[in-house]
Amino acid sequence: MKSKVKNIITGGAGFIGSHLVDRLLNEGQKVLVLDNFFTGRKDNFRKWIGHPDFEFKLHDVTLPINAEANMIWHLACPASPSHYQLDPIKTAQTNFLGTLNMLNIAKKNNARFILASTSEIYGDPEVHPQTESYKGSVNIIGPRSCYDEGKRIAETLCFDYKRKHGVDIKIARIFNTYGPRMLPNDGRVVSNLIMQGLKNESMTLYGDGQQTRSFCYVDDLINGLIKLMNANTNGPINLGNPKEITILELAKIISKKLNISENFIFKDLPQDDPLQRKPIILEAKDKLNWSPLVDLDQGLENTINYFRNL
């Protein structure tokens, strides 16, 4: 009988990580989740507790750990500015030490390794839309750099482990992702606008609301991560939805879906907040045969229903 694939998912109690847990366990694989619950929640995987193929360890990835795995999905790191700026030094440590520790497990086990990197490595881009060859425009001493530069050094580590130790690394540059299990207070624009709308509060927009984002539904992202893990490529590969929308347009769509009148307040744009964000996904289409399938209309319906039921 063929032995089951062993997966380690760091950050597996989080928004994206817990959806990955569901997919892999439903496919009959074994999963070990490592999480310190900084932004993850036990409720996200509670239904799997006691399942013979599921294991959880309360662990901070900045500390070494011994574990066996065929595949390592390194997702651990707070991803919203309000969370990663709470303790920027810890965020930088998570990106460097956490990636280093998990790469060492990959090296020891001859395991495949995927890094959940980010579109934030492009900074406030001077090239639009963004392709993987763009080197980025990041403020290395700004309040967001603990995350932006943290992910950049994590990518560097991955390729150094590939060159020096032959580790089979894969890098996914994840663009704005949304869906059920986002934290209601995580400070990201989709959850912010939905929660403010549900509470009949004014929706907060920054600048003039004309900055753009491209929103990828979480199920599409999980499909992309799985395809990347099983593909014969190291990346980096952009994973995101190339349909670009202004934040003001997004707020209007959410208002309409909630059946409330448009009520917006405008605040100053945070420092280094990107004005544009849109992926070119030709690499993902070519090498992974991947592109997003869930449109913003359906994705927002699912996400609003989730927050309504909290």
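Here the structure is shown first, and the text comes after it.
Residues numbered from 1 in each chain as written. Predicted model: local features only at pLDDT ≥ 70, side-chain atom pairs only at ≥ 80, totals over all residues. Heavy atoms only, no water.

S.K.: What is the right way to look at the packing of helix α5 (residues 189–198) against helix α7 (residues 247–258) in this model?
M.R.: The description of two helices packed together rests on the angle between their axes and the distance between the axes. Running from N to C, α5 and α7 cross one another at 40 degrees; their axes reach a closest spacing of 10 Å. The orientation of α5 with respect to α7, classified from their angle, is oblique. Two packed elements cross with a definite hand, and for α5 against α7 that hand is right-handed. Of α7, the residues touching α5 (which contributes V189, V190, L193, I194, G197 and L198) are I247, L250, A251, I254 and L258. Here the residues of the contact of α5 with α7 are counted per class, giving 10 nonpolar, 1 polar and no charged. (Axes fitted to C-alpha atoms, helices over the stretch in contact; angles between N-to-C directions. Helix = DSSP H or I, 4+ residues; strand = E, 2+ residues; numbered from the N terminus. Parallel < 35°, antiparallel > 145°, perpendicular 65-115°, else oblique. Left-handed = near helix turned anticlockwise from the far one by under 90°. Contact = heavy atoms within 4.5 Å. Nonpolar A, V, L, I, M, F, W, Y, C, P; charged D, E, K, R; others polar.)

S.K.: Looking at this model, I keep getting lost on the nonpolar core. Mind explaining?
M.R.: Generally speaking, nonpolar side chains in soluble globular proteins are found buried as a group. In this structure, W73, L225, L239 and L250 are the most contacted members of the largest nonpolar core, which totals 58 residues. At 7 residues, helix α6 (residues 218–229) tops the list of elements feeding residues into this core. The residues touching L225, leaving out its near neighbours within four places in the chain, are I16, W73, I114, A172, I174 and L239. Core analysis: the next-biggest nonpolar cluster, separate from the first, contains 22 residues, I8, L32, L103 and L157 among them. (Core = buried A, V, L, I, M, F, W, Y, C linked by side-chain atoms within 4.5 Å. Buried < 20%, exposed > 50% of the residue type's maximum accessible area, 1.4 Å probe, protein only.)

S.K.: Could you clarify how one ought to interpret the state of the cysteines in this entry?
M.R.: In protein chemistry, a disulfide is the covalent bond that joins the sulfur atoms of two cysteines. Scanning the model with the defined rule gives 0 disulfides in all. C158 takes part in no disulfide bond, and the closest cysteine sulfur, belonging to C77, lies 13 Å away. (Disulfide = S-S within 2.5 Å.)

S.K.: What is the right way to look at the environment of I153 in this model?
M.R.: Residue placement: I153 occurs in helix α4 (residues 145–165). Residues I153 and T131, spaced 22 residues apart in sequence, show a C-alpha to C-alpha distance of 19 Å.

S.K.: Would you take a moment to explain the packing of α7 against helix α9 (residues 296–308) for this structure?
M.R.: Packing of α7 against α9 leaves a shortest axis separation of 11 Å and a crossing angle of 60 degrees. Judged on the interaxial angle alone, α9 and α7 are oblique. Remark: the crossing between α7 and α9 carries right-handed chirality. Between α7 and α9, the residues in contact are L250, I253, I254, K257 and L258 and L296, D297, L300, E301, I304 and R308, respectively. By residue class, the composition of the contact of α7 with α9 is 7 nonpolar, no polar and 4 charged.

S.K.: Whenever I open this one, the packing of aromatic side chains confuses me. Can you help?
M.R.: Note on aromatic pairs: each is described by the distance of the centres and the angle between the planes. The full count for this structure, using the stated rule, is 9 aromatic pairs. Ring centres of Y122 and F175 lie 6.1 Å apart, and the angle between their planes is 40 degrees; this geometry places the pair in the tilted category. Of this pair, Y122 sits in the loop between β5 (112–118) and α4 while F175 sits in the loop between β6 (169–174) and β7 (177–178), and the two are 53 residues apart along the sequence. Residue Y122 shares its accessibility class with F175, and that shared class is buried. (Phe/Tyr/Trp six-rings, centres within 6.5 Å; stacked < 30°, edge-to-face > 60°.)

S.K.: Sorry, what's going on with the side chain of S214 here?
M.R.: Here S214 is to be found in strand β9 (residues 212–214). Note on S214: relative accessible area 0%, which makes it buried. Within the local environment of S214, its side chain forms a polar contact with the backbone oxygen of R277, the two atoms lying 2.8 Å apart. Setting aside chain neighbours within four positions, we find S214 in contact with N176, N241, P242, K243, E244, R277, K278 and P279. (Polar contact = N/O pair within 3.5 Å; in protein donor to acceptor, adjacent residues only side chain to side chain.)

S.K.: Could you clarify how one ought to interpret the sheet that holds strand β11 (residues 237–239) in this entry?
M.R.: Across a sheet, strands are paired by hydrogen bonds formed along the backbone, either parallel or antiparallel in direction. Strand order across the open sheet formed by 7 strands is β3-β2-β1-β4-β5-β6-β11, with parallel pairing between neighbours. The sheet terminates laterally at β3 (54–58) and β11, the two strands that pair on one side only. The sheet shows a mean angle of 20 degrees between the axes of neighbouring strands, direction not considered. As paired elements, strand β1 (residues 6–10) and strand β2 (residues 30–35) share 5 bridges and run parallel to each other. Bridge assignment links T10 to a residue of β2, and that residue is L34. The strands that helix α1 (residues 15–26) touches are β1, β2, β3 and β4 (71–74); relative to β1, the one it contacts most, it runs at about 170 degrees. Seen against the sheet, α4 touches β5 and β6 and runs at an angle of roughly 155 degrees to β5. (Pairing = 2+ DSSP bridges.)

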